[in-house]
Amino acid sequence: MTDATAPLLELRDVSKSYGGVHALRNVDFAGRAGSIHAVLGENGAGKSTLMKIVSGVIRPDTGEMRLDGRPVAFASPREAVAAGVVCVFQELSLVPDLSVADNICITDPPRRFGLIDRRAQRRVAAALLDRVGCPGLDPRTRVKDLPLAQRQLVEIAKALGRNPRVLVVDEGASALSGAELARVFAVLREVRDGGALVIYISHRMNEIRELADRCSVFRNGRHVETFDAHTRGHDDIIRMMIGREMTGVFPAKPAAPRDYPPAIRVDHLSWDDRLRDIGFTIGKGEIVGLGGLDGQGQRELLLALFGVLRGVEGTVAIDGRPRRIDGPAAAKAPDIAMALIPEDRKTEGLVLAMSVADNIALSSLGGHGGGILIDRARLESDVESMVRSLQIKVGDVNRAVATLSGGNQQKVVLAKWLMTKPRILLLNDPTRGIDVGTKQEIYALLRRLADEGVAILLFSTDLAELIGCCDRVLVLYRGGIARELAGDDITEMNILGSAFDVALTGSPGPARAAGAEVRP
Amino acid sequence: MTRGLRAALSRNLGLLLAVGLFAALYGLYSAQHPRGGSAALLVQNSNESFALILAAMAQTVPVLTGGLDLSVGPLMTLVNCLASRVLSGGPVELAFGILACLAAGTLGGLVNGCLVVYGRMQPIIATLATGAVYIGIALFLRPTPGGAVNADLSAMLTYDLAETAAVLGVFDGGQAAWFQPFAPIPVPLLLVLAVLLFVWVPFRGTEMGRGCYAVGSSEGSAYLSGIDVDRSRLAAYTLAGLFAAMAGLYLALQTGTGNADAPQAGAYTLNSIAAVVIGGTSLFGGSGGVVGSLFGALVLRSISFNFRVFDEASWLGALADPLLQPLFEGMVLLIAVSLGAARALRIRNRLQLFG
Amino acid sequence: MRNPLTALDKPALFAAGSILLILAVGSLYTLSTGGGLTMLSPAYLSQQLQIAAFLGLIAGGLMMVILLGHIDLSIPWTLTAAAMMATSVGGPAAVPVALAVGLAVGVVNGLGVAWLRVPSMIFTLGVNTVLQGLMVLHTGGHAPQSRSTGLMEFLATGHVLGLPMAALVWAAVSGLLVVLLTRTAMGRAVYAIGNRESAAYLSGIPTNRVIVGCFAICGACAALAGCLLAGYSTKAYQGMGNAYLLPGIAAVVIGGTHVLGGRGTYTGTVLGTILIVVLQSVLSVMQMPDAGRQIIYGLVIIAMLFAYGRDTGRAG
């Protein structure tokens, strides 16, 4: 082991940008051997980009990385692993069709006569699974047959099997709770005590408090500060992550709750075991928020309303008439006029390789006059006016939408749907990974649309957004509505509180609630 | 253990279906055939199936990586024509000839792999192009069908063990009493086992072989896991070339001539894809294996065997028309792939349809 | 506004340049052997256009499917089945019957690919075999009429205003396809689906209907090509479509359409078709043996792919 004060891993002046958008700007980072180093920041702060650089998935545009004081440049994860830098990836690096044992020993398996020794491999895997607290799992099981929590344990076991000197855990324990999580923490401490550097990324503040020796905070692609974990309080850290006061970001809400005529009414909506007996109405001109812990059925609810899910039970009435919506094509028809801003704008919201103009026109192609043929002049002017009204920053609308920044891309998605003149607008976390300025514009746009009579259902993982934007908030828990908040009751305490309260009474999930994401 | 067994069963459902289908079809054939179940018939049938089995094996490996090899038939034809030029003379020449044939096929596969990996071309179009080139080279080697393949070698490898022993002059020319129980075993059957045991099993047991599955199952995960994606893919096409070479070599031994027959090459390619699918290998890659394709090829062959023996007078008389054969083969293929499609109808979140 | 769907892009320019190069090499050859500039004579060019029409129709339909990221391997027997049904029905109904056969086969392909989600490569392969089986039955039991009708022969070999009728048919179909691809909602949908089907679906595009529609168009184009081919050789026969599948795919890809869908121009496909036809013709004029022709043919595709058909992205 080297001198304890010298950093084991060091990054100097590292920058990375994607298509003109800076993911990291001139970042310095240093982690010591024998410590657990938490990396904190909002979505889009650059944490994952940093970790991808560390583990060789991407290469920085500028700057250098040093391991043990020697400069290194990993061309691939393979080289990083060879140097002892191992990552537990947020999106997991498990091969679904291979067995647990195959995955754990995927590089450098035990060999016999030059071939992979399957029995030895199973032994190795079983020992590692035992270590991460998953002793009952048969190493011959295919990974694709495992639930997410077990996959994460397998991913961690796989990383441990590579004897890391630097172990990066990028949201790699997000599905774990209770005893499983405690076991993983113990293992991470063992790894630290063995002289390795553990870099831990999580949104759960209490995990950080329990585990971290050092913390580094990132914001908007920049390194803000690094400090010993116990020297700062919760509030300090959150302030560093936000770096701004939230006042003035949101447009004013209507002074008093009004009596909205209902635009959509949902009764007894159920799907699989993910949505249970959901009922609510949204009025014309009302913004209703969907809150709760991550993964409580909010995304499924939006997809169910939009007709994407099969086998949905219950009734949905639009303007008082019960309707069957069997897909987006039906949902956008003028008599329903529903729109959905989907979760992943890169794969669901946009056709990245097509131009800005084509993307904006994509949902409303039949609607620009000209009968069968597209009236190109009219389409062009419609697109232009949409670009102007949403202030999409693009030089030439014929450029591929992939070249735009995240915020402008999201505006293109919004523009695409506003072209259809929706009366009901569903949004799935529309401001994720978007700069503050654009966020503000989107909030103002939502309020403007509401004032024009559009009914809006907004799911957000950002508490402040729910509080600042919504007239009412539905808190979901395990696929059902746990609580409905309105007016001044919409507070951080109440939203989190209701998620927690229910969580604590719901039987198998108490620890899960303890791991609730606290997002500023 | 039963849990492990059940898991293994569900994992190999496609393979089991192919085995079952083959057993049923071949059983039907044997029951109808006057010499059904006889050793001579078995020799004849395995002889007729072996080249397609090897072609199907060749197709399997690129498919496992999520690719495809449209040059399997042409490469096989190329080696067939090469073999018809070099497989003559004494034992030493023959040995070198065989090596040259295998090397040529492997090289062809390697070229495919390089185009896909380093040229970053789509496998389907890259192998379409190399397929044309390989057919062209085959035509150069053998502008008109012909050539002679060493008859002894041919006899040794395409009949039964008795014949092999006779050619080699061992075991009293195959007449030794103790040898009789083994004498009727068809040599192609043993060759299949040998290929599985000495080529496929070792390959599967290497990191490269497992890498092929990993790349096909999830290229992103494979890359993040530190697998050498390029090398695995290169290995897959190269191994396909080796299998195709064996197929071409066997075709030469079986027919005794070389024939640069482009339609036949195309038919072998298409049948190899069909065999792979019937054998339960996913066209998206990641699961399956050459054993399934072996049975997939046997299913296809069994269908055509059956059309030789259907008796107009029997209860299958309505099917006796040999003109029905291609229709029947097509239906089997369509039904086999549509069974797998039941998954699509069960999916509850339509977004998952788009993968 | 520059329309990115029809403009001459790099592959198209490359293909056009290659066509000129091939013609130049061919002309040098004919000059050197004392044959004069036959390559540039109107008669020769008009004959090439006529031959290109058969491949062009197939490539045009195939392009619709390839733009979606799919493929249609049933073309050989769709073409043959359409031609055989047309000749055995005969009379004025021949061509409509052929088109109906092509449309029906295309719809079946589309249903299997869109609703059953079977990979198009394998589903269309199965359909191809089934069609072959049906046609073997059709011609095996009795001997149906296989002589093409007068209209089919006129479409294939006739001349109007000195232009080959086949080329005019090709031009008409091309016009329809260009309008479809560039000026209609369906055309935009085709590109969107080929790029990212999930985004197209969530944009409210009826993706399954578009997929079925494209396969139907592909089938109909193959059927029309079948009519013309039968007219050209005065009869329909088994195996008449076999020589057109791979050149059809090659024409589309050489023209710059991405095999995985989402990118490609119709101009490119036309140029790709002409390139292949001219290449084949020049090689045969130069009395290149079949072996050399195949090799050059394969190398040209590889060279084109090296020039512009490569994936730029990579995993991770």
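Residues numbered from 1 in each chain as written. Chains lettered and ligands numbered in written order. Predicted model: local features only at pLDDT ≥ 70, side-chain atom pairs only at ≥ 80, totals over all residues.

Within an unreviewed UniProt entry, the label attached to chain C reads ABC transporter permease, and the organism entered is Azospirillum oleiclasticum. UniProt's Subcellular location (unreviewed entry) comment on chain C is quoted here verbatim: "Cell membrane". (UniProt positions renumbered as here; feature names shortened; annotations may be inferred.)

Enquirer: Talk me through the interface of chain A and chain C; I want residue IDs and the actual numbers.
Expert: The partner chain C presents 22 residues to the 27 residues of chain A that form the contact. For the side of chain A that touches chain C, the class distribution of residues is 16 nonpolar, six polar and five charged. (Contact = placed C-beta atoms within 7 Å. Nonpolar A, V, L, I, M, F, W, Y, C, P; charged D, E, K, R; others polar.)

Enquirer: Any details on the sheet that holds strand β3 (residues 35-40) of chain A? Residues and values, ideally.
Expert: Sheet strands associate in pairs through backbone hydrogen bonding, adopting either a parallel or an antiparallel arrangement. All names here are of chain A. The mixed open sheet is built from six strands, whose spatial order is β6-β9-β10-β3-β11-β12. In this open sheet, the two strands that pair with only one neighbour each are β6 (85-88) and β12 (222-228). Each strand of the sheet is rotated relative to its neighbour by a mean of 20°, with strand direction disregarded. Relative to strand β9 (residues 166-170), β6 runs parallel, the two sharing four bridges. The residue bridging Cys 87 from the neighbouring strand is Val 168, located in β9. (Pairing = 2+ DSSP bridges. Helix = DSSP H or I, 4+ residues; strand = E, 2+ residues; numbered from the N terminus. Axes fitted to C-alpha atoms, helices over the stretch in contact; angles between N-to-C directions.)

Enquirer: Give me the lowdown on the interface of chain C and chain B, citing residues and values where you can.
Expert: Taken together, the contacts link 45 residues of chain C with 47 residues of chain B. Counting only elements with at least two residues in the side of chain C that touches chain B, the list comes to α5 (120-141), α9 (197-202), α11 (245-254) and α13 (290-308) of chain C. A total of 13 residues in the side of chain C that touches chain B trace back to one element, the largest contributor, which is α5(C). Tallied by class, residues from the side of chain C that touches chain B come to 28 nonpolar, 12 polar and five charged.

Enquirer: Now, about the packing of helix α3 (residues 39-64) of chain B against helix α15 (residues 290-309) of chain B: what can you tell me, with residues and values included?
Expert: All names here are of chain B. As a packed pair, α3 and α15 sit with axes 8 Å apart at the nearest point and diverge in direction by 140°. By the criterion of interaxial angle, the relationship of α3 to α15 is oblique. In this structure, α3 meets α15 at a crossing whose hand is right-handed. For the pair α3 and α15, the contacting residues are Asn 45, Glu 48, Ser 49, Leu 52, Ile 53, Ala 56, Met 57, Gln 59 and Thr 60 in the first and Val 290, Ser 293, Leu 294, Gly 296, Ala 297, Leu 298, Leu 300, Arg 301 and Phe 305 in the second. Residue composition of the contact of α3 with α15, by class: 10 nonpolar, six polar and two charged. (Parallel < 35°, antiparallel > 145°, perpendicular 65-115°, else oblique. Left-handed = near helix turned anticlockwise from the far one by under 90°.)

Enquirer: Run through the pairing of strand β14 (residues 275-283) of chain A, naming residues and quoting values.
Expert: All names here are of chain A. Where strand β13 (residues 262-271) meets β14, six bridges bridge the pair, whose relative direction is antiparallel. Paired with Trp 271 across the bridge in β14 is Leu 275. The loop that links β13 with its antiparallel partner β14 comprises three residues; one of these, Asp 272, has a positive phi angle of about 50°.

Enquirer: Run through the sheet that holds strand β20 (residues 455-459) of chain A, naming residues and quoting values.
Expert: Residue and element names in this part refer to chain A. The mixed open sheet is built from six strands, whose spatial order is β18-β19-β20-β15-β21-β22. Looking at the sheet topology across the chains shown, the edges are occupied by β18 (338-341) and β22 (480-486). Here the strands of the sheet are splayed against their neighbours by 20° on average, with no regard to which way each runs. Sheet topology note: the strand β15 (residues 287-291)/strand β21 (residues 472-477) ladder contains four bridges and is parallel. When the sheet's bridge partners are listed, Leu 290 is paired in β21 with Leu 474. The sheet contacts of helix α9 (residues 298-305) involve β15, β18, β19 (424-428), β20 and β21, and relative to β19 the element is tilted by about 145°.

Enquirer: Describe the nonpolar core, and please don't skip the residues or the numbers.
Expert: All names here are of chain C. Among the nonpolar cores identified, the biggest contains 385 residues, and Cys 227 and Leu 228 are the most heavily contacted of them. At 19 residues, helix α10 (residues 207-232) tops the list of elements feeding residues into this core. Each residue touching Cys 227, except ones within four places of it in the same chain, is listed here: Ala 82, Ala 83, Ala 86, Val 95, Ala 98, Met 152 and Leu 155. (Core = buried A, V, L, I, M, F, W, Y, C linked by C-beta atoms within 7 Å. Buried ≥ 20, exposed ≤ 12 C-beta atoms within 10 Å, placed from the backbone.)

Enquirer: Residue-level account of the environment of A:Val39, with values.
Expert: Counting through the fold element by element, A:Val39 comes out in strand β3. Not counting residues up to four positions away in its chain, the partners in contact with A:Val39 are A:Lys47, A:Ile199, A:Ile201, A:Ser216 and A:Phe218.

Enquirer: I'd like a rundown of unusual backbone geometry, residues and numbers included.
Expert: Residues and elements named next belong to chain A. The backbone phi angle of Ala 337 is positive, close to 55°, even though this residue is not glycine. Following the sequence through the fold, Ala 337 ends up in the loop between α10 (328-331) and β18. Judged by C-beta crowding, with 18 C-beta atoms within 10 Å, Ala 337 ranks as partly exposed. Despite not being glycine, Gln 391 has its phi angle at roughly 50°, a positive value. Among the structural elements, Gln 391 can be located in the loop between α13 (376-389) and α14 (406-418).

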